[in-house]
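# Breakdown of the fold
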Amino acid sequence: MTSYIWICTISYTCVVHKILVGLFYVFLCSQSGIYTFPYPLQPPPFPAQYNPADLSHVSVPQEELDIRPKVSSLLSRLVNYTNITQGAKEHEEAESTGMSHMKSPNMGTLMGVYLPCLQNIFGVILFLRLTWIVGTAGIVQSFFIVLMCCSCTMLTAISMSAIATNGVVPAGGAYFMISRSLGAEFGGAVGICFYLGTTFAAAMYILGAIEIFLVSYVLSHEWNSSALAILNNMRVYGTICLSLMAVVVFVGVKYVNKLASLFLACVIISIISIYAGAIKSIFQPPNFSICMLGNRTLVRDQFDVCSKVVLDGNVTVPSQLWKNFCSSGNISSPQCDDYFNQNNVTEIQGIPGLASGIIRDNMWGDYLEKGQILEKAGLPSVNVHGAVESIGLYVSADIATSFTLLVGIFFPSATVTYSIIPCGSNRSGDLKDAQKSIPIGTILAITTTTLVYFSSVVLFGACIEGTVLRDKFGDAVSKNLVVGTLSWPSPWVIVIGSFFSTVGAGLQSLTGAPRLLQAIAKDNIIPFLRVFGHGKANGEPTWALLLTGLIAELGILIASLDMVAPILSMFFLMCYLFVNLACAVQTLLRTPNWRPRFKYYHWALSFLGMSMCLALMFISSWYYAIVAMCIAGMIYKYIEYQGAEKEWGDGIRGLSLSAARYALLRLEHGPPHTKNWRPQVLVLLKLDEDLHVKYPRLLTFVSQLKAGKGLTIVGSVIQGQGITRHLSAIKNMMEIERVKGFCQVVVASKVREGIAHLIQSCGLGGMKHNTVVMGWPYGWRQSEDPRAWKTFINTVRCTTAAHLALMVPKNVSFYPSNHERFTEGTIDVWWIVHDGGMLMLLPFLLKQHKVWRKCKMRIFTVAQMDDNSIQMKKDLAMFLYQLRIEAEVEVVEMHDSDISAYTYERTLMMEQRSQMLRQMRLSSAEREREVVEHEAEKIQMTWTKEKYEADRRNRNNAPENFRELISLKPDQSNVRRMHTAVKLNEVIVNKSHDARLVLLNMPGPPRNTDGDENYMEFLEVLTEGLERVLLVRGGGREVITIYS
């Protein structure tokens, strides 16, 4: 019957597929006009061997099919798609059986997510520390601790469920979620922290297993040594256990997976035995008596009978307890400890039972200092000091306790270390419906464990004596695990079950941590971790396992579960914090790709979870929290500056876009205030024939002027047709010169049109350029092509019309590089006309850069005959003082003088050259027209009288044109302009010939375009003899102010 259903399903799928392909084929044919369908509709003449899935004969080019595949091919790839690397289990099975294909997913929510989650949540803290936490904090505060930790985990699980169901989550789990949601920097930083937490988790589980091993009956005599010997025992046995586990993981993870069921069974049986023991204690409490001296708790394995004397036949003799406290064995003349002499020895029940009412005594906490003896309130006691030598006979606190310490120790027991990551995300390849199983299984597992923890807190407080609860290592109950004393039928159930559960959790940590590190290394976001992306031929992370073992050994050397647990809490809390942040950011941004199948989430829950994570970090240990944040911060900055750039469509980029949009809309309200004005620069670069930057020092100058502040747009125009993108050369040069900004290339038929487009359209909203930087057209005098200087003048006119400032660095190749330093020299400003303060502001901005920092600033201004130069100097000095600019002030007087012969000759040469070039361009155009006509004559074989007369007239005009050049007289207005330029240049060269940089006002071009060439000559004369010149033209607004 099943085979028949499959056959019918496949047949139906094939029929539907053929119908869809046929309809698609008909649509293409009707659109391309290959076939026409008269009414009534006739079938098209298909080829004899027509295949409906073959569209090669339809009018769809093959290259079109390459970039836009057929619907059937697309659907086939989507069905078979998986971006999850083949897991370790599949690798081992393929290696041992020779299989080349992966197993089909067949695991449901129960076996695939829920039970593995339970295995990894229940562990060392439940069996070794929860009773101690209840006894120390009391039932009420313990309830609050469990509530905080489990609420944080539940909120994180909700956020994780939303992220995990928003697509396929490959190997890496939480690292993958965070990095793809918040970017490579956050993902790498939190991924490394989470890796360290997972590695220290292995150390914590191993230390828990060794503690069970040493506290139990097997090696109880080793636990009676000094504190240093106990620590050394933990280190030795822990190192041996770590080595054995690492070998097991290296040899084959399939053995770990096979033992997982055994470990899970141990956990479940242990928890059931606790509940069974609690129920049994109602009717028949277990017999675990505690020996008390006064109100102090005694270490039970130091003596056999809880009494000062015993009867040996009919003779009363001292007991072993007496001998421990007394130096003399004679009862009649004892030399005993004062506290022993004045207090009686009593015996109380360690497990009164669920119906005893002990819950009232355990409701509130009893925090202890290190070395403080465990005492029971209500027992009679004479408060005298005993001998120091007797301290070891009492049960005392090994560490100082506080609420914050207990939170840090308990939190790892609430972490879904592997339920969220491997059990959820990394197991998705083994699940029938991963996006359904992961949220349901994880949330149900957290709910189950939360209920177990709440009930355990109540049962422990209601069944066990408070002094026994506060006895961390079971000294009062003969080295039994405290939770084991409550279990039924025997404490050995808890001993064996907790040992195997901690070993299993340690193996899972050693299995998962190297794969997490391998996933980070394969993403190549941290260069020095690349080696850990490699492994065995089957993909096993050998090098990552070695590093994990070394880091776990550091945790083993700490040799204290109570000190390792807060470290785990920090790293896991940081990971959870960023999982919640990722979900909140994605939800608030409402990105189109954010479509999780899990609908029961909200950004407010994510923010609440994030806040709880941050609060728990500082509640647990503020200094550990700061260290963890510093580690994450350093990794973040390292990835930002040295790591590979990744574009994963992360939420931080979307957040940046939203913030940029908001800021741009705010900037639209009006132009910036004068106090906030800074040059937002559009740099016009010229590319050579090979599309390389022709004058890279232009970018150098801009980087020194901007120092990474404000807006910088680097634009270029390529002459041609169509659309092209030649951004790589400009971007590379921007990176070399460390220019932070944007790049834009425009393709235009004419360069001047492209430049006009750039000036008008660059920028967005309020983030538009207010200054244009362009190079000087070198060699314009020698070039017969006037387009170079005409484009330059046209750009000057465009910037003036757009009310933009203009800067033209002349001789830019002599400008300093970013590696040079001027240790002395001056920046000279020649302030001829007021331009809004640009000439004052630019030197100040340049001096912020290390290249120009040690240069002094000098300001020169020109006084005419009717000006009071002394008063001008005082006024200028006061103006600079109010502007808070330090500069030397000098007023230069320029007297009216007769126009020199040099000026007259220079003007005459300028106009003669202009006239000659004009005639040369005219004759050149006629020659080109003549060539065209000559080519046409070869075809038409005709000659007209008009052409003959024109040719003769041109030949006769040549001598006449030369005579006009000889007899040319210069225009008087040009002579006056040239006179001004020559005299001003003489003064500037005289005063500033040694200056590092000279800034001066750039005069505007003439309104009449006939004088454009003369304008270029005036600028050449004005800047002649100066090494570095910056021509500055204001944008028509004030850019500097004296007000604060």
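Residues numbered from 1 in each chain as written. Predicted model: local features only at pLDDT ≥ 70, side-chain atom pairs only at ≥ 80, totals over all residues. Heavy atoms only, no water.

## Section: the packing of helix H7 (residues 130–164) against helix H21 (residues 561–589)
- Where H7 contacts H21, the two axes come as close as 9 Å, and the packing angle between them is 35°. Between H7 and H21 lies a crossing whose hand is left-handed. Contact with H7, carried on its side by Trp132, Cys152, Thr153, Leu155, Thr156, Ser159, Met160, Ala162 and Ile163, involves Asp562, Leu573, Tyr576, Val579, Asn580, Ala582 and Cys583 of H21 and no other residues of that element.
- Broken down by class, the residue content of the contact of H7 with H21 amounts to 11 nonpolar, four polar and one charged. (Axes fitted to C-alpha atoms, helices over the stretch in contact; angles between N-to-C directions. Helix = DSSP H or I, 4+ residues; strand = E, 2+ residues; numbered from the N terminus. Left-handed = near helix turned anticlockwise from the far one by under 90°. Contact = heavy atoms within 4.5 Å. Nonpolar A, V, L, I, M, F, W, Y, C, P; charged D, E, K, R; others polar.)

## Some details on empty space enclosed by the protein
- Evaluated as defined, the whole model comprises five cavities of 30 Å³ or more.
- Here the largest cavity defines a volume of roughly 70 Å³.
- If you trace the largest cavity, you find it lined by Val249, Phe250, Pro514, Arg515, Lys536, Glu540, Pro541, Thr542 and Leu545.
- Mapped onto the lining of the largest cavity, the elements with two or more residues apiece are helix H10 (227–251), helix H19 (491–523) and helix H20 (542–558).
- Tallied by class, the residues present in the lining of the largest cavity amount to five nonpolar, one polar and three charged. (1 Å grid on protein atoms, 1.4 Å probe; cavity = no way out; pocket = protein on both sides within 12 Å on 5 of 7 lines; lining within 4 Å. Points joined across faces, edges and corners; volume = space filled by probe spheres on them.)

## Notes on the packing of aromatic side chains
- For the coordinates displayed, the defined rule picks out 27 aromatic pairs.
- On the basis of an interplanar angle of 70° and a centroid distance of 5.2 Å, the ring pair of tryptophan 776 and phenylalanine 792 is categorised as edge-to-face. Residue tryptophan 776 is located in the loop between strand S9 (771–774) and helix H28 (787–801), and its partner phenylalanine 792 is located in helix H28; the two are separated by 16 residues in the primary sequence.
- With a relative accessible area of 3%, tryptophan 776 lands in the buried category. (Phe/Tyr/Trp six-rings, centres within 6.5 Å; stacked < 30°, edge-to-face > 60°. Buried < 20%, exposed > 50% of the residue type's maximum accessible area, 1.4 Å probe, protein only.)

## Quick word on the sheet that holds strand S1 (residues 289–293)
- Within the open sheet, the three strands sit side by side as S2-S1-S5. Their pairing is antiparallel. Both outer strands of the open sheet, strand S2 (296–297) and strand S5 (345–349), are each paired with one neighbouring strand and no more.
- In this structure, S1 lies alongside S5, joined through five bridges in antiparallel fashion. Across the sheet, residue cysteine 291 finds its bridge partner in S5, namely glutamate 347. (Pairing = 2+ DSSP bridges.)

## Comments concerning the nonpolar core
- By size, the foremost hydrophobic cluster in this structure holds 162 residues, and its most contacted members are Phe410, Tyr453, Phe460 and Ile464.
- The element that contributes the greatest number of residues to this core is helix H9 (residues 184–215), accounting for 21 residues.
- Not counting residues within four places of it along the chain, the set of residues in contact with phenylalanine 460 comprises Leu130, Thr131, Val134, Ile274, Leu469, Val483 and Leu486.
- With 52 residues, the next largest nonpolar core counts Phe701, Leu880, Ile885 and Val1039 among its residues. (Core = buried A, V, L, I, M, F, W, Y, C linked by side-chain atoms within 4.5 Å.)

## Considerations on the sheet that holds strand S13 (residues 888–893)
- The strand order across the open sheet formed by 10 strands is S8-S7-S6-S9-S10-S15-S14-S11-S12-S13, and the pairing between neighbours is mixed. Taken across any chain shown, the strands that pair with only one partner, and hence form the sheet edges, are strand S8 (742–748) and S13. Sheet twist, expressed as the average angle between the axes of neighbouring strands with direction ignored, equals 20°.
- Relative to strand S15 (residues 1029–1033), strand S10 (residues 805–810) runs antiparallel, the two being bridged by five bridges. By the bridge assignment, methionine 807 is partnered in S15 with valine 1032.

## Comments concerning the environment of isoleucine 351
- Residue position: isoleucine 351 is located in the loop between S5 and helix H14 (403–414).
- Overall, the relative accessible area of 0% leaves isoleucine 351 in the buried class.
- Put simply, isoleucine 351 and glutamate 465 are 114 residues apart on the chain and 5.9 Å apart in space, counted from C-alpha to C-alpha.

## Quick word on the state of the cysteines
- A complete count under the given rule lists two disulfides for this structure.
- Between the sulfur atoms of cysteine 291 and its disulfide mate cysteine 306 the distance is 2.0 Å. In this structure the cystine formed by cysteine 291 and cysteine 306 twists about its S-S bond by roughly 85°; its chirality is therefore right-handed. Of this pair, cysteine 291 sits in strand S1 while cysteine 306 sits in the loop between S2 and strand S3 (309–312), and the two are 15 residues apart along the sequence. Neither cysteine 291 nor cysteine 306 differs from the other in exposure class; each is buried.
- The partner cysteine of cysteine 326 in its disulfide is cysteine 336, sulfur to sulfur 1.7 Å. One quick way to see it: the torsion about the S-S bond of cysteine 326 and cysteine 336 is about 105°, and its sign makes the bridge right-handed. Of this pair, cysteine 326 sits in the loop between helix H12 (320–325) and helix H13 (338–342) while cysteine 336 sits in the loop between H12 and H13, placing them 10 residues apart in sequence. As far as burial versus exposure is concerned, cysteine 326 and cysteine 336 are alike and both buried. (Disulfide = S-S within 2.5 Å.)

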